[in-house]
Amino acid sequence: MSNLKLGVDVVGAHNLLPKDGHGSSSAIVELHFDNQKFRTTIKEKDLNPIWNESFYFNISDPSNLHNLTLDAYIYNDVKSAHSRSFLGKVSLHGTSFVPHSDSVVLHYPLEKRGVFSRVRGELGLRVYTTDDPSIKSSTPLPAPEDIQSHAQPVQNSLPSKSKSEARHTFHHLPNSNHQNQQHNSAAGVVPNHVTKYGVDEMKSEPPPPQIVRMYSGSSAQPVDYSLKETSPFLGGGQVVGGRVIRSDRTASTYDLVERMQFLFVRVVKAHDLPAMDITGSLDPYVEARIGNYKGITKHIEKQQNPAWNVVFAFSKERMQASVLEVRVKDKDLLKDDFVGLVRFDLNEVPTRVPPDSPLAPQWYRLEDKKGEKIKGELMLAVWIGTQADEAFPDAWHSDAATAIDSSAAASTLIRSKVYQAPRLWYVRVNVVEAQDLVPTEKNRFPDVYVKAQIGNQVTKTKNMQARTFNPMWNEDLLFVAAEPFEDHLILTVEDRVGPGKDEILGRVIIPLSIVEKRADDRTIHSRWFNLEKPVAVDVDQLKKDKFSSRLHLRVCLDGGYHVLDESTHYSSDLRPTAKQLWKPPIGVLELGVLNAVGLHPMKTRDGKGTSDTYCVAKYGHKWIRTRTIVDNLFPKYNEQYTWEVFDPATVLTVGVFDNSQLGGPNGKDLKIGKVRIRISTLETGRVYTHSYPLLVLHPTGVKKMGELHLAIRFSCTSLVNMMYIYSRPLLPKMHYVRPFSIMQLDMLRHQAVNIVAARLGRAEPPLRKEVVEYMSDVDSHLWSMRRSKANFSRLMSVFSGLFAIGKWFGDICLWKNPITTVLVHVLFIMLVCFPELILPTVFLYMFLIGIWNFRYRPKFPPHMNIKISQAEGAHPDELDEEFDTFPTSKSPDLVRMRYDRLRSVAGRIQTVVGDIATQGERLQSLLSWRDPRATALSVAFCLVAAIVLYVTPFQVVAGLAGIYAMRHPRFRYRLPSVPVNFFRRLPARTDCML
């Protein structure tokens, strides 16, 4: 029998419906799961009962857990009549069950049982799975006599193994508050890890979609900076005219990359190697050589039976020899000694294609240079495979072989890697008050404040000057923390004894691992913490002090927010921190990083310009890094990755960088360029293949650094869920129920980026801080004259339609075209006589425009546009100001202060102007087919609205609209309406901004 159990903490209910005829109810909760039934105690005459009782269900078949349902029924128990009446129920599907460490208390709105039933209120539950063997089924409390008759048949109907195990225990839980309830149920938890190249594991085997090439159709963008048509070989066939023409080769699983063949050499270990030194010792290493390429393992000191377990991958297209030599050598100070070798004819090397089993290594007898057998054996496996081979990611690659370091030990700097960004939490610290403070000077009242610190994040409350030793603040302090929690929350109470002089009165250290997590706006119960003295105190003084100083706090980890760690315009993930609030994925995004061409040299080696490049892609919590292609301005990566998509209003970012760490940490990795692709602009099931220009802004102007060739496909798993997402709020509910200020968001975003950069920088190979900051657009909010002009130009472009209508109406008034003027007059008279035709005509006109624009819908995702970004004609002085440091270093102190203040204010104005332009561009995209699903919904709505408004009297529509606009606050919701949510998800031209 499985040890896995389902734990259910019944916390309490709120605002139940009175059913006893006296304005109250006696509530009892009954839980049903996997043919087991438990009941709580009865709470007499209480519409807001608190139980804090825990139950543990045995899970008979853990593999079938996702198909099971937990039902919680609330009844009003009537003792006098030996009956009970229904108050509501909550049903939770098995996909919403998470481990105990990820669970939080959620308050679910009660559901009806039938069409005519009436319910209200909420039920607070904490549901989780646990395999802790220490949790045992215990004897239940005696059931009330009035429900014994109801409970007996249920126990008899349970399986025999459930009768003895159907027990419940009671644990004390924190009291729950019932204000501002969370009104959405927990959704299924989706695994974070997505296997590289894992296309077949992610989805079923649909018929392969047509591969469609996109065209660069922007007339405003210079041709050299536009997308280019490509016809690559993908998945064993060539893309021609939007279709894949299959070749004689078998189809590849990784159908978004070009197939590349590699010679793989796995060096496992050696046995009974001969001694080479006078002392009889041996420091062996292995050198695999083919033509001019070689790979070297690390040497192992004084070992005649060494083990390496290293894989080398030689690109077959670069091979200039037909024989592979695997040599064993002895490491010496002056010259390494030859021990023996094994030769392989490439014509006899087997070919392996997954899902074939890995090739088993074999023992090979060593030979001398003349081909005669000598002492010693080497275990090897040699085969020809592709980048689909599971040995590919961790292998040493021949295209990374340079004179710098060709050893396998240095290959960690060039390997491909999948990174998982840490899960971030907002830490909310509410400093309520302090009690019994003891200042150093007894003859004065303290001027105190509280300083809080988590790692490098430091903030403090305002100074409290009160004629008391019990100051009150009631002030919130906010931080960002990442799992696993490494830093503690440290709070110190300090006294301002003089200008620039503070004394510590006490300190509290709180581990974040014990801090309560919440997923809604429930009030966290406060706690008193004793302040520790910062220095040793005299024992006699401690005896005199009857009470110790205390600090009153409310501390929680807010899981109902999405921690913003990137620019809001280019967010790749909008899910809340708490996994219980996650919804199922709506699709899969697949990216094939093919190659780059015409890259600009970033360094000089052997007297010529070159680059050592790698690509980084970021979407959601998953970051990927391709292998570094060394000394190549036309690198071929051909690596494929997949992501789960939870929201189409997100952006995939792909960047190209030059690796500056080969040969030692010589500086920062240099940016070559990046590409942004908004998921909502991709058609479902269509493969996009493009060569994207890599544009970077320098102090001397915009510069094209090369082109990046990508293949992208977005596959939808649930069309209904994806369309439903367009009606949901863009951010989690807590961002609207308890929003942060702009200053708080900027500060928290800065801290979040620093934490993500620090964690990814500790990986192997590290993803450096400059890479994370460039991919996250950390400086997008700073002042730029060029960006301000671009936003103003976007705003004028949005209003250009209104200006054109005004000019046209002016021409009508001036009778410049008499025929048009007469027709307009006739139309105006008709609309005055029949006002009910106004709105149907407008919506029908919009519907026809949308259908007409379908022919001219964009065939490619938006890309960076130097015209829109005002980068082509930017003045050198404006660019010098944009690349200036903050604060500036170009002026004296007084000018510096004024200059920085101006830049801060101007940066906010720039953001406001950009947001206004974004709203106008979203309005334009309603019928532009930039987002095909949103435009389809908009066009369908226009048609339905035209028909409904045609058959409905205009007076009725106007009256209902006015009543709805002036409705009572009781009928208003704090969340945005469905039209607003739909509008905020529409794409804008922010994706084209440089």
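Residues numbered from 1 in each chain as written. Predicted model: local features only at pLDDT ≥ 70, side-chain atom pairs only at ≥ 80, totals over all residues. Heavy atoms only, no water.

Now for the packing of helix α11 (residues 838-853) against helix α14 (residues 932-951). Closest axis-to-axis distance for the α11/α14 pair is 8 Å, and the angle between their directions is 155°. The angle between α11 and α14 places the two elements in the roughly antiparallel class. Viewed along their axes, α11 and α14 form a crossing whose handedness is left-handed. The segment α11 lies against α14, with Leu-839, Pro-840, Phe-843, Leu-844, Met-846, Phe-847, Gly-850 and Ile-851 engaging Val-939, Phe-941, Cys-942, Leu-943, Ala-945, Ala-946, Leu-949 and Tyr-950. Broken down by class, the residue content of the contact of α11 with α14 amounts to 15 nonpolar, 1 polar and no charged. (Axes fitted to C-alpha atoms, helices over the stretch in contact; angles between N-to-C directions. Helix = DSSP H or I, 4+ residues; strand = E, 2+ residues; numbered from the N terminus. Parallel < 35°, antiparallel > 145°, perpendicular 65-115°, else oblique. Left-handed = near helix turned anticlockwise from the far one by under 90°. Contact = heavy atoms within 4.5 Å. Nonpolar A, V, L, I, M, F, W, Y, C, P; charged D, E, K, R; others polar.)

Looking at the secondary structure, you find Ser-24 in the loop between β1 (5-14) and β2 (27-33). Among the polar contacts listed, one links the side chain of Ser-24 to the backbone nitrogen of Asp-46, at a separation of 3.3 Å. Here Ser-24 is in contact with Pro-18, Lys-19, Lys-45, Asp-46 and Leu-47, once residues within four sequence places are set aside. (Polar contact = N/O pair within 3.5 Å; in protein donor to acceptor, adjacent residues only side chain to side chain.)

Another aspect to go through is the sheet that holds strand β5 (residues 69-78). Here we have 4 strands laid out as an open sheet, ordered β3-β2-β5-β6, and antiparallel in their pairing. Sheet topology places β3 (36-39) and β6 (83-93) at the edges, where each strand pairs with a single neighbour. When the angles between neighbouring strand axes are averaged without regard to direction, this sheet yields 20°. Note that β2 and β3 share 4 bridges and pair antiparallel. Bridge pairing in β3 places His-32 opposite Lys-37. (Pairing = 2+ DSSP bridges.)

The subject of this paragraph is a nonpolar patch on the surface. A grouping of Phe-792, Met-796, Phe-799, Leu-802, Phe-803, Ile-805, Trp-808, Phe-809, Val-912 and Ile-916 is seen on the molecular surface, where their side chains present a nonpolar patch of about 990 Å² in accessible area. Counting residues per element, the ones that place at least two in the nonpolar patch are α9 (785-813) and α13 (893-924). When residues in the nonpolar patch are grouped by element, the largest group, 8 residues, is from α9. Relative to the assigned elements, Ile-805 resides in helix α9. According to the relative accessible area criterion, Ile-805 is exposed, its value standing at 51%. (Patch = residues over 30% accessible without salt bridge, like charges linked within 9 Å, V, L, I, M, F, W, Y side chains within 5 Å. Areas by Shrake-Rupley, 256 points an atom, 1.4 Å probe, with all protein chains shown as cover. Salt bridge = Lys/Arg side-chain N within 4 Å of Asp/Glu carboxyl O. Buried < 20%, exposed > 50% of the residue type's maximum accessible area, 1.4 Å probe, protein only.)

Moving on to the sheet that holds strand β39 (residues 622-625). In a beta sheet, neighbouring strands pair by backbone hydrogen bonds and run either parallel or antiparallel. As summarised here, the arrangement of the 5 strands in space is β24-β39-β38-β41-β42, forming an open sheet in which the pairing is antiparallel. A single partner strand is all that each edge strand has here, and the edge strands are β24 (417-420) and β42 (670-678). Adjacent strand axes in the sheet meet at a mean angle of 15° when their direction is disregarded. Sheet analysis places strand β38 (residues 613-619) next to strand β41 (residues 651-658), joined by 6 bridges and oriented antiparallel. What sits directly across from Lys-618, in β41, is Thr-653. Sitting on the sheet, helix α8 (residues 769-776) is in contact with β38, β39, β41 and β42, with an inclination near 145° to β41.

Moving on, we come to a positive patch on the surface. A surface patch of positive charge is lined by Lys-19, Arg-113, Arg-118 and Arg-120. Structurally, Arg-120 can be placed in the loop between β8 (106-109) and β9 (122-130). (Lys, Arg positive; Asp, Glu negative; His and termini not counted. Charge placed at Lys NZ, Arg CZ, Asp CG, Glu CD.)

Looking now at the packing of aromatic side chains. Evaluated as defined, the whole model comprises 22 aromatic pairs. Geometrically, the ring pair formed by Phe-312 and Trp-396 is edge-to-face, given 5.5 Å between the ring centres and 75° between the ring planes. Residue Phe-312 is found in strand β18 (residues 307-315), and its partner Trp-396 is found in strand β23 (residues 396-397); the two are separated by 84 residues along the sequence. Residue Phe-312 shares its accessibility class with Trp-396, and that shared class is buried. (Phe/Tyr/Trp six-rings, centres within 6.5 Å; stacked < 30°, edge-to-face > 60°.)

Let us now look at helix α7 (residues 742-760). Spanning 19 residues, α7 covers 27 Å between terminal C-alpha atoms, matching the ideal 27 Å at 1.5 Å per step. Within α7, burial applies to Leu-748, Arg-749, Gln-751, Ala-752, Val-753, Ile-755, Val-756, Ala-757, Arg-759 and Leu-760. Each element contacted by the buried residues of α7 is listed here: β24, β25 (424-435), β27 (457-460), β29 (472-482), β39 and α8. (Expected span 1.5 Å × (residues − 1).)

Moving on, we come to the side chain of Asp-495. You can see Asp-495 is positioned in strand β30 (residues 488-498). At a separation of 2.9 Å, a polar atom in the side chain of Asp-495 contacts the main-chain amide nitrogen of Asp-447.

Before going further, it helps to spend a moment on the pattern of salt bridges. On inspection of all chains with the given rule, the structure shows 56 salt bridges. Across the pair Asp-777 and Lys-674 runs a salt bridge, and its minimum N-O distance is 2.7 Å. Residue Asp-777 is located in the loop between α8 and α9, and its partner Lys-674 is located in strand β42; the two are separated by 103 residues in the primary sequence. Residues Asp-777 and Lys-674 agree in their burial class; the two are buried. In this structure, the salt-bridge partner of Asp-811 is Lys-807, at a minimum N-O distance of 3.7 Å. Note that Asp-811 and Lys-807 are positioned in helix α9 at a spacing of 4 residues, about one turn of the helix. Among the residues examined, Asp-811 registers a relative accessible area of 23% and is labelled partly exposed. For Lys-807, a relative accessible area of 57% puts it in the exposed group. One salt-bridge network, held together by shared partners, links Arg-428, Asp-476, Arg-518, Asp-521, Asp-558 and Arg-738.

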